[in-house]
Amino acid sequence: EAQVTQNPRYLITVTGKKLTVTCSQNMNHEYMSWYRQDPGLGLRQIYYSMNVEVTDKGDVPEGYKVSRKEKRNFPLILESPSPNQTSLYFCASSSRSNSYNEQFFGPGTRLTVL
Amino acid sequence: AQSVAQPEDQVNVAEGNPLTVKCTYSVSGNPYLFWYVQYPNRGLQFLLKYITGDNLVKGSYGFEAEFNKSQTSFHLKKPSALVSDSALYFCAAGISGNTGKLIFGQGTTLQVKP
């Protein structure tokens, strides 16, 4: 089944404790992206990647890092999480980076930083 | 600044009645417009998109959307609502250029009552 998977689905952590949220897609997609969803704000892009070893900042990159060493994986790293990073995070992928291609979303990771 | 607006936080409709979820956009160049649906505890699912051509776009689950360039709108419609259509709906605009960037509206909760 074609899908985007994320782990963990739920995470409660404390301020300053490094964490990684994994994202993997099995559709051989070139493009991958991370979003955060906050009430009343819709989804905002954190980082995106147009291919292996090619990443760039989205609208809200502060406090986050990413890497794209393999085509299928695009982990999101929070080096020193803070409470304002409490949010619902979605990974997405698309066959190409063109803006007219639909994106496929993972199930989401709900992160709480205490 | 480029933006997408969904003016209604919530839309309530009775089962069997037609539904409309509104979206307006402000983007430069030719817009690529999308509707996504989010069911509880799930990721976003693609419903339909407009790239060019016919202003009436048909999508999944009987949904359709009408692109209106003069009013810069892309309203989502369905002739007869089902209780199972109850979900959170997002309108998004693709930004021209090869970044795959999407600008999302804030989302509209659709509540269909039996």
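All of the points below concern the structure found in this document. These numbers come from a predicted model, not from an experiment. (Residues numbered from 1 in each chain as written. Chains lettered and ligands numbered in written order. Predicted model: local features only at pLDDT ≥ 70, side-chain atom pairs only at ≥ 80, totals over all residues. Heavy atoms only, no water.)

This part is about unusual backbone geometry. Most of the time, phi is negative for any residue but glycine, and the peptide bond is trans. All names here are of chain A. Residue Pro8 follows Asn7 across a cis peptide bond; omega there is -5°. Counting through the fold element by element, Pro8 comes out in the loop between β1 (4-7) and β2 (10-13). Residue Glu53 is not a glycine yet carries a positive backbone phi of 65°. In this structure, Glu53 sits in the loop between β5 (42-51) and β6 (54-57). (Helix = DSSP H or I, 4+ residues; strand = E, 2+ residues; numbered from the N terminus.)

Residue and element names in this part refer to chain B. Turning to its location among the elements, Ser73 is positioned in strand β9 (residues 73-78). The buried category is assigned to Ser73, whose relative accessible area is 3%. Beyond its immediate sequence surroundings of up to four residues, Ser73 is in contact with Cys23, Thr24, Tyr25, Glu66, Phe67 and Asn68. (Buried < 20%, exposed > 50% of the residue type's maximum accessible area, 1.4 Å probe, protein only. Contact = heavy atoms within 4.5 Å.)

On to the side chain of Arg68(A). Residue and element names in this part refer to chain A. One can find Arg68 in the loop between β7 (65-66) and β8 (76-78). Reaching out from Arg68, the side chain makes a polar contact with the backbone oxygen of His29 at a distance of 3.2 Å. A distance of 2.9 Å separates a polar side-chain atom of Arg68 from the backbone oxygen of Glu30. (Polar contact = N/O pair within 3.5 Å; in protein donor to acceptor, adjacent residues only side chain to side chain.)

Taken together, the contact pairs 25 residues of chain A with 25 residues of chain B. Counting every contact that joins chain A to chain B gives 2 salt bridges. As a salt-bridge pair, Lys49(B) and Glu102(A) come within 2.9 Å of each other at their nearest N and O atoms. For the pair chain A and chain B, the number of links is 6 residue pairs in polar contact (both at pLDDT 80 or more). (Salt bridge = Lys/Arg side-chain N within 4 Å of Asp/Glu carboxyl O.)

This part covers the sheet that holds β7(A). Residue and element names in this part refer to chain A. What the 4 strands build is an open sheet, ordered β1-β3-β8-β7; its pairing is antiparallel. Where the open sheet ends on each side, the last strands, each with one partner, are β1 and β7. Taken together, the 2 bridges between β7 and β8 define a ladder with antiparallel strand orientation. Bridge pairing in β8 places Lys65 opposite Ile77. (Pairing = 2+ DSSP bridges.)

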